[in-house]
Amino acid sequence: MLRRGAPASGIAAVRNPDKATDLATLGVQVRTADYFDRPALEAAFAGVDQLLMISGSEVGGRVPQHANVIDAATGAGVRLVAYTSIPDAPNNTLQLAQEHQATERMLAESGIAHVLLRNGWYWENYANDLGGTADRGVLVGSAGDGRVAGAARADYAKAGRCYARRSGRTYRRRGRGVGAPRAPPRVCTRVGNTLGTRGL
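Conventions and cut-offs
Residues numbered from 1 in each chain as written. Predicted model: local features only at pLDDT ≥ 70, side-chain atom pairs only at ≥ 80, totals over all residues. Heavy atoms only, no water. Helix = DSSP H or I, 4+ residues; strand = E, 2+ residues; numbered from the N terminus. Buried < 20%, exposed > 50% of the residue type's maximum accessible area, 1.4 Å probe, protein only. Contact = heavy atoms within 4.5 Å. Areas by Shrake-Rupley, 256 points an atom, 1.4 Å probe, with all protein chains shown as cover. Pairing = 2+ DSSP bridges. Salt bridge = Lys/Arg side-chain N within 4 Å of Asp/Glu carboxyl O.

Trainee: Help me out: how do you make sense of the overall build of the chain in this one?
Mentor: Looking only at helices and strands, the chain features 7 helices and 10 strands. The proportion of buried residues among the 200 residues of the chain is 40%. In the chain, once contacts between residues fewer than 6 apart in sequence are set aside, the share between residues at least 24 apart is 66%. Approximately 11700 Å² of the chain is accessible, and the part contributed by carbon and sulfur atoms is 50%.

Trainee: Help me understand the pairing of strand β8 (residues 170-173) in this model?
Mentor: Look at any regular strand and the pattern is simple: side chains alternate between the two faces of the sheet. Side-chain alternation along β8 places Y171 and R173 on a buried face and T170 and R172 on a face that remains uncovered. Bridging between strand β5 (residues 113-119) and β8 involves 4 bridges; their strand directions are parallel. Of the residues in β8, the one forming a bridge with L117 is Y171.

Trainee: How should the pattern of salt bridges be read in this particular structure?
Mentor: A side chain with one charge may pair with a side chain of the opposite charge, provided their charged atoms come close. Evaluation of the coordinates by the stated rule reveals 5 salt bridges. E42 is paired through a salt bridge with R38; the nearest N and O atoms lie 2.8 Å apart. Placement of the pair is E42 and R38 together in helix α2 (residues 38-44), with a separation of 4 residues, close to one helical turn. Under the relative-accessibility criterion, E42 is labelled partly exposed at 26%. Here E104 ties to R118 by a salt bridge, and the two come within 2.7 Å at their closest N and O atoms.

Structure representation (structure tokens):
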């Protein structure tokens, strides 16, 4: 949106400002904060009306991180928080879902207005083993005949701005389903090859 010439009016709270110079160049106000540093978060949220909370990347440590964000947002007077959660969070039995479930409960108990963005699979999750995938020529998985309805982070981000202001709503967001024998097109593009799939 910014690259298309829209005026910058947002604030980005980041751990490392050196990695956000592109945003600063586009006119975004960059503030330093870490999910583990509640006082820094509250300072970074000063004057913020609506907050998009991206779930932390440290699996196993996200509940205290997210608690800090919610507490800091409440302390700073943030009016609405939009949170990137997991599909079917209340009923999801994946171990990965437990921290998202806890975060959704904390938001509900905080009293702050919030929106739940229950994102599907991220295609970037396949990037951890792109080298091995390219060498093998196949994408290994355990979905069987199931389909993976994923999308790129950039696509979720573009859609998020449309939903983030609608308090009390829950949105189930996903891409078009892809399954065997096709690998996700974006993965094929990254490795420069057409890939097969193999089940475990």
